[in-house]
Protein chains: 2
Amino acid sequence: MFKVTFAFEDGSVTETYANTGDNLLEIAREANVAIDAPCSGNGACGKCRVQLKNGELETKKTLHISDEEFEEGWRLACMSKIIADVEVLVPDIASAYKSRMKVADLSSREEIAIFENAKREIELAGIELKNSLDVVEVRMEEPTLDDTMPDIERLSRALRKFMNLKRVRIPYTVLRKLPDVLRNSKFSVKCVLRTTPDDMFVYDIFDSREDVVIGGLAVDIGTTTVSAVLINMETGEILAKSSAGNGQIRYGADVINRIIEAAKPGGQKKLQDAVIKETINPMIHEMCKSIGFPKDRIYRMCVASNTTMNHLFAGINADYLRMEPYIPAFFKTNSLFSSDVGIDINQDAHIIIAPNIGSYVGGDITAGTLVSMIWNRPEFSLFIDLGTNGELVFGNSDFMMSCACSAGPAFEGGDISCGMRATDGAIEACTIDKDTMEPTYTVVGDPGTKPVGLCGSGIIDVISELFMAGIINPKGKFVREGKRVRHDQYGMGSYIIAFEEEAGTTKDVEITEVDIDNFIRAKGAIFSAIRTMLSSLDFDVSMIDDVYVAGGIGSGINMRNAVNIGMFPDIPLEKFHYIGNSSLTGAYLMLLSTPAEQKTYKLASNMTYLELSAVPTYMDEFVGACFIPHTDASMFPSVQQK
Amino acid sequence: MFKVTFAFEDGSVTETYANTGDNLLEIAREANVAIDAPCSGNGACGKCRVQLKNGELETKKTLHISDEEFEEGWRLACMSKIIADVEVLVPDIASAYKSRMKVADLSSREEIAIFENAKREIELAGIELKNSLDVVEVRMEEPTLDDTMPDIERLSRALRKFMNLKRVRIPYTVLRKLPDVLRNSKFSVKCVLRTTPDDMFVYDIFDSREDVVIGGLAVDIGTTTVSAVLINMETGEILAKSSAGNGQIRYGADVINRIIEAAKPGGQKKLQDAVIKETINPMIHEMCKSIGFPKDRIYRMCVASNTTMNHLFAGINADYLRMEPYIPAFFKTNSLFSSDVGIDINQDAHIIIAPNIGSYVGGDITAGTLVSMIWNRPEFSLFIDLGTNGELVFGNSDFMMSCACSAGPAFEGGDISCGMRATDGAIEACTIDKDTMEPTYTVVGDPGTKPVGLCGSGIIDVISELFMAGIINPKGKFVREGKRVRHDQYGMGSYIIAFEEEAGTTKDVEITEVDIDNFIRAKGAIFSAIRTMLSSLDFDVSMIDDVYVAGGIGSGINMRNAVNIGMFPDIPLEKFHYIGNSSLTGAYLMLLSTPAEQKTYKLASNMTYLELSAVPTYMDEFVGACFIPHTDASMFPSVQQK
């Protein structure tokens, strides 16, 4: 056995042991060290770089590491085998994906404005903000020798009288505490109930003198980031908010690699543990701790996520999602409980799932569609969710069509050498001076935070600015020289946004022609998807009344720049609306409002799905869109003009 | 820490460690060594005798141990403290209560005849032998690119079509295996379903090529003995049968002492573990092993037991059962699952409980009443269950009244110096020659098994024979002398049934005047209860058409002898019927037949309860019955005649 030490830039280390020949990336995964490996460890992506500090590794060389870098100790973890004690540095660019949890400060109005707004809109649409959970106070006669009804019957009768309903279900958890709570409270209690047309379920029972808040948990499980809110189910108030990296990230950056990992022996359990035990449960714990809320008073949970994520969350074989004919195990569930999957809230809590509509359009999109309100207007709107993939919904109150395009993870920093998610150190906005070519940027985090990489919104800005300044041409190749433009031994150009000295990492923060090319393909996928879907309906982009853009790609998107690079159609900017993480907001609405939940199921079942790859013109559209802004520049008159 | 060694007569030992001053009985309980302590360890009953073999104990002397016995090393465990390493012998008379599990040989027709008979009778009464569980075979279209319905929806639709019902509930356990089972079976499956008027619950799913037997488990939890049958829910066939001592025995012989133990810190869990983890789960395991049946294919369980036993089984505070106004937490449950209490069968299996009708008349009696069929006849019948207590039901198809009498555990060998339950070594029948005063007895167990003690049926025989031979008088005092009659230093007489040399234990198997006195009070309680209940209804014993006697007090009861001693009224012997363990048979019927289950709930809710202690004449009746056969001998003309 050899000792393997993973050192991080913040000075912390993780130590573990391994045998001769063990794969370093596998060792890192077992030790819960997050090393990004979008390709799932086959040497293709070049993301899993670590730097050898002490000891030895047996590493297969690949093109991803230059001779100079190899000399400096850089290795791909997936190509390295253990042959001795070893210490490697895991660079921040990788650990930016680490499960850094953040509990939001709700004193900032911004954090909750989006939920308040969504509530208001849904109510305006005539959907009541009412769910099936209630706290009711019940007072019973104390038993005597002449009135010897058993406790459960006494409570059931009192509740039936109160609620005028037939059947009361009292689960074991309540039965167990019933005799003592009744007597300690002198038969005056508060019950947490769920009332449905069929029956009444008693979640909990308390002395009536206690203050009881019914907690609910809405969670957006993104492929990259998990976000959650803990809410008061009666008022809808956001009690706490948290986000963290999805712990599954070490099993691959995209859903396909996750599915492949899950299909390995024990994989389903590992992937489920990574998202539940390592990600969501700690978030619940932190949120509850921050406000002193008992975890077992969270009685309902709603999950919104793409189809793969909700299958892996539920610990269900997701392999069939990626194999023809691409069949999910479920669209929604009616019998999933927290205790089934080990979510650390009340053990009888139901977990509802925002409905999937297929293998590639999941609950994140249906929940987001609910929030977009496009189903409530006669005007034609486009909803775009930029997650680790891109999904679109187009329609109005009469019809809706959805599609998914394999944009890849570029919007969340994947496939980009210095890409990262929108967390501390990410450049989220940037301008470049046309003359000096010098950049000005803003970085996520406290003032003074040094740049570590680029998140989605930053990449859009940088590419747009490079193009508008004539530094790159429509093909994304560098055509101007300067101190920030560099060419490597193969002639590949790059632009340095922050030199190593200014950066919060050990190398320059730059964007390369390869990155730009990857991003152009990503934005091309989005734009061609929009065009293809609209064409299939005999629509033209000019007929779009509103565009709702969602996704956690930064604090927002510079829509002008997104149009400049040909990602979004060239329509008046005021038609674009950034609606934030609509998946989380949608989960919140489904949790808070049973009619909203029902509405989402209905939206999902009425939505048609367009399989883009089955449309013959899609490939042509895509190839045309793989330019800045487009091979047919006339589609972008406002850009042409500039 | 001192080493404490418990040695058993079979040569086995259990070793543990204890601190100075620790109580030996407590140490034994912690080490799962079964030492009978009906008084729960306060020195009152004298049952917890152990023999000091090596080392030392600090023991408080009580009257229960004579000077001679003390000299021989006999000590009461509850009065002994650890002060050094010690080894004690735990005599068989105590370990007879040990959790000796037995899986019955079903090739013997007797073992199943009682169930067959009960099925026949219930069917004759027009109650259908049909439950809500079914195996159905379902064949689905395989999905294609044009038919991309998710698995859960595909199955639900197929089932809805098949069963013509609205709502299908598919729990997590099934959802998890669904994708693989569907594909491995080419979408041709067998489902185990529970169908109710409201919905359909899918317990399990299998490849249609598999043979699937739906298992069910009926358990009678007696205070002393636990019995169970594993059945085929479709045919009612008994697949396996098992019995074992209730592991709770070491916490006291009767329900009151168990409740007191359960009220101590951690006690609820200990008592629940003793009956579930140490008793029922091993029985399930052994039964399943004996026939190669998978435990998780047991989808439903029915428990019949007295009110204290079902509360302790469910891990629910039973303290209120013994405190005025004596209120149970429940009569029956509709939401108890195997996973709630850790019963080792399918985790979604419902556990139903034969309904209690009060703190002192429980589900064992309502289940037994179902089996007795007294509710189905115009004639007036009496149902008597002789368990660790005595309960009676009297009535016919128009009305039923129940009562409980504190007969104590004498019928199961409790409160009797050589008493034991009807297991190997128990004398279950006996005659005594009037002239020679020599006994002839039969012993439970393989031929040649030596007698260890007396079980209930044996005690009835011995006392009746002693009385009829004029060896004891109506007060139970010895009035003849002989080699088998002995008097101790205080003049207390006893009759030796088996001398130490003939016995399978280290002392004589005898019956003392104290034992006889205890038993007379027990039988007096039964007889006076019968009289009191009948009087309250203006009935006389002569108006009883049939008497159904149930209980595990031996292979049967010699009714003649039971009448001789004045336990049962002096009516024609052909009116008496021994119906065995009717609690288990009732649980079996409730499990197998939903109408029988419903019928039992109805019987329970229609049954009135007579609190004997509230009837002014009961005490007089009891005092009068504390003679052999009775102070008013004219009540027993047939006995008088002899």
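For clarity, every value in this text was computed on a predicted model and none was experimentally measured.

Let's talk about helix α17 (residues 618–625) of chain A
All names here are of chain A.
- Every buried residue of α17 is accounted for by Tyr-618, Glu-621, Phe-622, Gly-624 and Ala-625. The arc enclosing the buried residues of α17, seen along the axis, measures out at 165°, which places them on a common side. Seen from the open side of α17, the exposed residues pointing more than 90 degrees away from its buried face are Met-619, Asp-620 and Val-623.
- Buried residues along α17 sit in contact with β18 (400–405) and α13 (513–536).

What to know about unusual backbone geometry
Residue and element names in this part refer to chain A.
- The omega torsion of the bond from Glu-324 to Pro-325 falls at 5°, within 30 degrees of zero and hence cis.
- Secondary-structure assignment places Pro-325 in the loop between α9 (307–313) and α10 (338–341).
- Of note, the phi angle at Phe-187 is positive, near 60°, even though the residue is not glycine.
- Mapped onto the elements of the fold, Phe-187 is located in the loop between α6 (172–184) and β9 (188–195).

Quick notes on the relation of the copies chain B and chain A
- Aligned on chain A, chain B shows an RMSD of 0.1 Å; the corresponding rotation is 180° and the shift along the axis is 0.0 Å. In symmetry terms, the pair is related by a two-fold rotation axis. For chain B, the residue whose C-alpha comes nearest the rotation axis is B:Asp198, separated from it by 4.2 Å.
- Take the interface residues of chain B: 100% of them recur as interface residues in chain A, which is what a same-surface contact looks like.

Quick look at the packing of aromatic side chains
- Going through the model one piece at a time under the given rule, you end up with 28 aromatic pairs over all chains.
- Ring geometry for A:Phe399 and A:Phe539: centres 6.4 Å apart, planes at 40°, overall tilted. Of this pair, A:Phe399 sits in the loop between β17 (390–395) and β18 while A:Phe539 sits in the loop between α13 and β25 (546–550), and the two are 140 residues apart along the sequence.
- When its relative accessible area of 16% is taken as the criterion, A:Phe539 is described as buried.
- Residues B:Phe115 and B:Tyr588 carry aromatic rings whose centres are separated by 5.0 Å and whose planes lie at 70° to one another, so their mutual orientation is edge-to-face. A residue pair is termed long-range when its members are at least 10 positions apart, and B:Phe115 in helix α4 (residues 109–124) and B:Tyr588 in helix α15 (residues 582–592) qualify at 473 residues. A single burial state applies to B:Phe115 and to B:Tyr588, both of which are buried.
- Aromatic rings pair up to connect A:Phe380, A:Phe394, A:Phe399 and A:Phe539 into one cluster.
- Above the face of the A:Tyr601 ring, A:Lys332 is positioned so that its terminal group lies 4.3 Å from the ring centre.
- Between B:Arg183 and the ring centre of A:Tyr320, over which it is positioned, the NZ or CZ distance is 4.0 Å.

Topic: the environment of A:Met468
Residue and element names in this part refer to chain A.
- Structurally, Met-468 can be placed in helix α12 (residues 456–468).
- On a C-alpha basis, the gap between Met-468 and Asn-564 in space is 8.0 Å, while along the polypeptide they are 96 residues apart.
- What Met-468 contacts, discounting residues up to four positions off in sequence, is Lys-434, Asn-564, Val-639 and Lys-642.

What about the side chain of B:Ser528?
- Along the chain, B:Ser528 falls in helix α13 (residues 513–536).
- Beyond its immediate chain neighbours, meaning those up to four positions away, B:Ser528 contacts B:Tyr618, B:Glu621, B:Phe622 and B:Ala625.

Structural notes on the interface of chain B and chain A
- Counting residues at the interface gives 43 residues for chain B, matched by 43 residues for chain A.
- When the two sides are added together, the surface that chain B and chain A hide from each other amounts to roughly 3,500 Å², 59% of it contributed by carbon and sulfur.
- Three residues, B:Tyr172, B:Tyr320 and B:Ile327, lead the burial of chain B against chain A; their summed loss comes to 18% of the area buried on that side.
- At the boundary of chain B and chain A, one finds zero salt bridges.
- When residues in the side of chain B that touches chain A are grouped by element, the largest group, six residues, is from helix α6 (residues 172–184) of chain B.
- Class assignment for the residues of the side of chain B that touches chain A results in 23 nonpolar, nine polar and 11 charged.

Topic: the sheet that holds strand β2 (residues 13–18) of chain B
All names here are of chain B.
- The sheet built from five strands is open, its strands ordered β2-β1-β5-β3-β4 with mixed pairing. The sheet is open, and its two edges are formed by β2 and β4 (74–76), each paired on a single side. Neighbour-to-neighbour, the strand axes of this sheet turn through a mean angle of 35°, independent of strand direction.
- Taken together, the six bridges between strand β1 (residues 2–8) and β2 define a ladder with antiparallel strand orientation. Bridging from a neighbouring strand, Thr-5 pairs with Glu-15 of β2.

Overview of the pairing of β9(A)
All names here are of chain A.
- Among the eight residues in β9, seven count as buried, and that is most of the element.
- Across seven bridges, strand β7 (residues 133–139) lies against β9 in antiparallel orientation. Across the sheet, residue Val-135 finds its bridge partner in β9, namely Val-192.
- Alignment of β9 against strand β10 (residues 199–207), held across seven bridges, turns out to be antiparallel.

Some points on the confidence of the model for chain A
- Of the residues in chain A, 97% have a pLDDT of 70 or more, and the chain-wide mean is 91.
- Per the prediction output, this complex has pTM 0.86; the corresponding ipTM is 0.86.

What to know about the environment of A:Ala349
Residue and element names in this part refer to chain A.
- Within the secondary structure layout, Ala-349 lies in the loop between α10 and β15 (350–353).
- Through-space distance from the C-alpha of Ala-349 to that of Arg-300 is 4.9 Å; in sequence the pair is 49 residues apart.
- Leave out the neighbours within four places in its chain, and Ala-349 touches Tyr-203, Ile-298, Tyr-299, Arg-300, Leu-336, Phe-337 and Ser-338.

Thresholds applied
- Residues numbered from 1 in each chain as written.
- Chains lettered and ligands numbered in written order.
- Predicted model: local features only at pLDDT ≥ 70, side-chain atom pairs only at ≥ 80, totals over all residues.
- Heavy atoms only, no water.
- Buried < 20%, exposed > 50% of the residue type's maximum accessible area, 1.4 Å probe, protein only.
- Helix = DSSP H or I, 4+ residues; strand = E, 2+ residues; numbered from the N terminus.
- Arc of directions from axis to C-beta.
- Contact = heavy atoms within 4.5 Å.
- Least-squares fit on C-alpha atoms with pLDDT ≥ 70 in both.
- Phe/Tyr/Trp six-rings, centres within 6.5 Å; stacked < 30°, edge-to-face > 60°.
- Lys NZ or Arg CZ within 6 Å of the ring centre and 35° of its normal.
- Buried area = accessible area lost by both parts, 1.4 Å probe.
- Salt bridge = Lys/Arg side-chain N within 4 Å of Asp/Glu carboxyl O.
- Nonpolar A, V, L, I, M, F, W, Y, C, P; charged D, E, K, R; others polar.
- Pairing = 2+ DSSP bridges.
- Axes fitted to C-alpha atoms, helices over the stretch in contact; angles between N-to-C directions.
- pLDDT = per-residue confidence, 0-100.

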